[in-house]
Amino acid sequence: MPLPPRPALLDKTLRIVARRYRVPATLAGDTDPSVLSQRPCATRLAVAIDQARQALARATTPPASVKQCFIDALAQLIHEAMRPDQGDPAIQAMVLRHQAPQVREYASLSAGAEADRRDVVAAVNAIAHPAKLERMPPGPLRTVLARLQAAASAASWPALAAAVPQLESLGGAASGPGKDLADGPANAPDNAAVDAPDNAPDNAPDNASANAPDHDPANDPALARSLSRLRDGAALERLQRLDELALDPWVRRYQALWNRNGPRSGSPGAVAQGVAAQQRGAAVEARASQALQALADRLNAAPEGNAAYRVVTSMRVPPTLPGDADRAKSEWDAALLRRVDAPSVPNAPVAPAAQPAAWDVCLLVEAKASVDAASTDFARLLRGLARLAQAESGMTYPFHSHQGAVPIRGASLAALPTGETDLSGAVLYCSDAPADPAPRLLNAACRMQLLSAPASVAYASELARGRPADTRELDAVWQSLLTSPQWAGVLNQYPQLYLVRELMVHADDLLAAAQQAAM
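Below: a short report on this structure. Quantities reported herein were computed from a predicted structural model and do not represent experimental measurements.

**Some thoughts on the overall build of the chain**
Here's step 1: A tally of helices and strands in the chain yields 24 helices and seven strands.
Here's step 2: Taken across its 519 residues, the chain has 45% of its residues classed as buried.
Here's step 3: Intrachain contacts of the chain at a sequence separation of at least 6 include 75% that bridge at least 24 residues.

Next up, the structure:
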């Protein structure tokens, strides 16, 4: 069955809906210093970057005035980021890492600290799990094992390291002359810990030892293996070194900067922040789906509607769909669908179907709390559309949603646009954020890439040391912008920002447009 024509009411709604987030298609800016000096440095950077892009598109070299505008604006951006009290703590922490080797070591060890902690705690639980300690008879071995467990629970790595030789001494004495902790090989794997699933809790008992029949604890092979793992492995040593570095004044300053940047991952503050973000996202999705449902109701009420339209939310892409799923959107917040067997004649009866009706995709909607969130999502959205468009026209694919399973015709998926210039009739970003009177023209990801470039960090380091910094050092950033593929996202950031904002509507505006178009 061929695809039916798009409903005129839908096209009219998308045509008249207010675009309160819209920005000009191009950034036509004057690079005269007297004019640009009145504008924020991030705006001046965005103007210079886009003028460079336009020059390269014409196969010409960007004018020297554009280059100077870029370098001067980047230098000011770095100065602002390095202000002691009002600057950017993430950039200041990056500069501190560049300056101090002990901070670099601390940052490197911190990146693997959680994995090291899990490794050490697993080795301790293999021999000193509380459930095992309860069954052990009182004595020196139980006392030291309890000390080992307490140190692991308190993350007191020096105390834990001190308990290891005490256990080795007790085990060697108990096992008799010439024997080394039950003759267990020092490097034998502790299967109970090594083979445990990654998602097993740290305090899970070692079934191979905790539930074993009673025997002489000093002759337990798990004791020898775990002690060897703690003594010879690098995890405990790295955790101790991390604690030592945490006392360094430069490291403490680094920690303070990261604390200013937001709560640490896994902390109660970070958890609360994540819950609030989820609630905010759910609220935006609810408003977007309500506005889309109002549009579906208007389409169904039209003479040619025939109750053919519905809205589904959280529509998940089935694994049977062909195409590359890597980094592509796998779930769509809301979708407007049209029933395939709906008659095209106004008010015609619908014949009973022998099987569940299939549906065609008319419009996909993504709910975002901000323009920055949509900009960050845009590449995934394009990859998601490209995957949907690889559907086979003769197939029907089972998508799952909050409303249950929905069979979608491959023909409607294959007809979806995949280019950046013809998306307006197929997809919308929907938000409830207020329109910003002065839109930020340099997105957050590009700003961070500019500030974290090696030349920018070196320039900022000179400022941090109180030395005069030479802006000519930033010429390397300009050359990377013009020539490096890794900088293509920055070079093209404004056209992408324009596309994202063109696709973005407020939920209230979509609702108003649906009501207006139906009149």
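Continuing now.
**Overview of the nonpolar core**
Here's step 1: Core analysis: the biggest nonpolar cluster contains 76 residues, and Phe-70, Leu-364, Leu-413 and Leu-450 have the highest contact counts within it.
Here's step 2: Considering each element in turn, this core owes the most residues, ten residues, to helix α4 (residues 64-81).
Here's step 3: If near-sequence neighbours (up to four positions away) are discounted, Leu-364 is found in contact with Met-315, Trp-332, Ala-334, Ala-335, Leu-385, Leu-388, Leu-416, Ala-426, Val-427 and Leu-428.
Here's step 4: Residues Ala-100, Leu-109, Ala-113 and Leu-148 belong to the second largest nonpolar core, which totals 39 residues.

**Side note on the environment of Ala-246**
Here's step 1: Positionally, Ala-246 belongs in the loop between α14 (235-245) and α15 (249-260).
Here's step 2: Between the C-alpha atoms of Ala-246 and Tyr-106, which are 140 residues apart in sequence, the distance is 7.6 Å.
Here's step 3: For Ala-246, the contacting residues outside a window of four places in its chain are Tyr-106, Val-251, Arg-252 and Gln-255.

**Some details on the packing of helix α16 (residues 268-301) against helix α24 (residues 507-517)**
Here's step 1: Running from N to C, α16 and α24 point in directions that differ by 5°, and their axes come no closer than 9 Å. As the angle between them shows, α16 and α24 are arranged roughly parallel. Here α16 contributes Arg-287, Ala-288, Ala-291, Leu-292, Ala-294, Leu-295 and Arg-298 to the contact with α24, which in turn contributes Ala-507, Asp-508, Leu-510, Leu-511, Ala-514 and Gln-515.
Here's step 2: When grouped by side-chain class, the residues that make up the contact of α16 with α24 number nine nonpolar, one polar and three charged.

**Observations concerning unusual backbone geometry**
With the exception of glycine, most residues fall at negative phi, and the peptide bonds are largely trans.
Here's step 1: Even without being glycine, Ala-59 reaches a positive phi, approximately 60°.
Here's step 2: Residue placement: Ala-59 occurs in the loop between α3 (41-57) and α4.
Here's step 3: Of note, Arg-327 is a non-glycine position whose phi angle comes to about 60°, a positive value.
Here's step 4: Owing to a relative accessible area of 56%, Arg-327 belongs among the exposed residues under this scheme.

**Points about the pairing of strand β4 (residues 396-401)**
Here's step 1: Because side chains alternate across β4, one face comprises the buried residues Tyr-397, Phe-399 and Ser-401, and the other comprises Thr-396, Pro-398 and His-400, none of which is buried.
Here's step 2: Between β4 and strand β5 (residues 404-409), which follow one another and run antiparallel, lie two residues.

**Looking at helix α6 (residues 101-111)**
Here's step 1: Turning to α6, its buried residues number three or more, namely Val-103, Tyr-106, Ala-107 and Leu-109. Considered in projection along α6, the buried side chains sweep an arc of 165° and stay on one side of the axis. Along α6, exposed side chains directed more than 90 degrees from the buried face belong to Pro-101, Ser-108 and Ala-111.
Here's step 2: On its buried face, α6 is in contact with α5 (89-99), α7 (113-128), α14 and α15.

**What about the pattern of salt bridges?**
Here's step 1: Counted under the stated rule, the structure contains 28 salt bridges.
Here's step 2: One salt bridge in this structure joins Arg-280 and Asp-432, with 2.9 Å as the shortest N-O distance. Taken together, the residues span a long stretch of sequence, with Arg-280 in helix α16 and Asp-432 in the loop between β6 (427-431) and α19 (444-452) at a distance of 152 residues.
Here's step 3: Residue classification places Arg-280 among the partly exposed residues on the basis of a relative accessible area of 33%.
Here's step 4: The partner of Lys-368 in a salt bridge is Asp-377, with the nearest N and O atoms 3.7 Å apart. For the pair shown, Lys-368 and Asp-377 are each scored as buried.
Here's step 5: What emerges from the salt-bridge pattern is a single network uniting Lys-329, Glu-366, Lys-368, Asp-377 and Arg-380.

**What to know about the packing of aromatic side chains**
Here's step 1: Applying the stated criterion across every chain yields a total of three aromatic pairs.
Here's step 2: For the ring pair Phe-70 and Trp-478, a centre distance of 5.3 Å and an interplane angle of 50° mean the geometry is tilted. Taken together, the residues Phe-70 in helix α4 and Trp-478 in helix α21 (residues 475-483) connect sequence positions 408 residues apart. Across this residue pair, the class does not change: Phe-70 and Trp-478 are buried.
Here's step 3: Following the ring pairs from residue to residue traces out a cluster consisting of Tyr-106, Tyr-254 and Trp-258.

**Section: α21**
Here's step 1: Within α21, the full set of buried residues consists of Val-477, Trp-478 and Leu-481. All buried residues of α21 project into a common sector of 100° when viewed along the axis, lining one side.
Here's step 2: At its buried positions, α21 is contacted by α3, α4, α19, α20 (454-464) and α22 (488-491).

**Side note on the pairing of β6**
Here's step 1: In terms of burial, β6 is a largely internal element, five of the five residues being buried.
Here's step 2: Neither face of β6 is open: one carries Val-427, Tyr-429 and Ser-431, the other Leu-428 and Cys-430, and all of them are buried.
Here's step 3: The pairing of strand β3 (residues 359-367) with β6 spans four bridges and is classified as parallel. Looking at β6, one finds that Val-365 is bridged to Leu-428.
Here's step 4: Sheet topology places β6 next to strand β7 (residues 504-506); three bridges connect them, and they run parallel. Within β7, the position partnered with Ser-431 by the bridge is His-506.

**Side note on the side chain of His-506**
Here's step 1: Tracing the chain through its elements places His-506 in strand β7.
Here's step 2: Since its relative accessible area comes to 4%, His-506 is described here as buried.
Here's step 3: One polar contact links the side chain of His-506 to the main-chain amide nitrogen of Asp-508, over a distance of 3.0 Å.
Here's step 4: With near-sequence residues (within four places) excluded, His-506 lies in contact with Arg-20, Tyr-21, Arg-287, Cys-430, Ser-431, Asp-432 and Ala-433.

Cut-offs applied
Residues numbered from 1 in each chain as written. Predicted model: local features only at pLDDT ≥ 70, side-chain atom pairs only at ≥ 80, totals over all residues. Heavy atoms only, no water. Helix = DSSP H or I, 4+ residues; strand = E, 2+ residues; numbered from the N terminus. Buried < 20%, exposed > 50% of the residue type's maximum accessible area, 1.4 Å probe, protein only. Contact = heavy atoms within 4.5 Å. Core = buried A, V, L, I, M, F, W, Y, C linked by side-chain atoms within 4.5 Å. Axes fitted to C-alpha atoms, helices over the stretch in contact; angles between N-to-C directions. Parallel < 35°, antiparallel > 145°, perpendicular 65-115°, else oblique. Nonpolar A, V, L, I, M, F, W, Y, C, P; charged D, E, K, R; others polar. Pairing = 2+ DSSP bridges. Arc of directions from axis to C-beta. Salt bridge = Lys/Arg side-chain N within 4 Å of Asp/Glu carboxyl O. Phe/Tyr/Trp six-rings, centres within 6.5 Å; stacked < 30°, edge-to-face > 60°. Polar contact = N/O pair within 3.5 Å; in protein donor to acceptor, adjacent residues only side chain to side chain.

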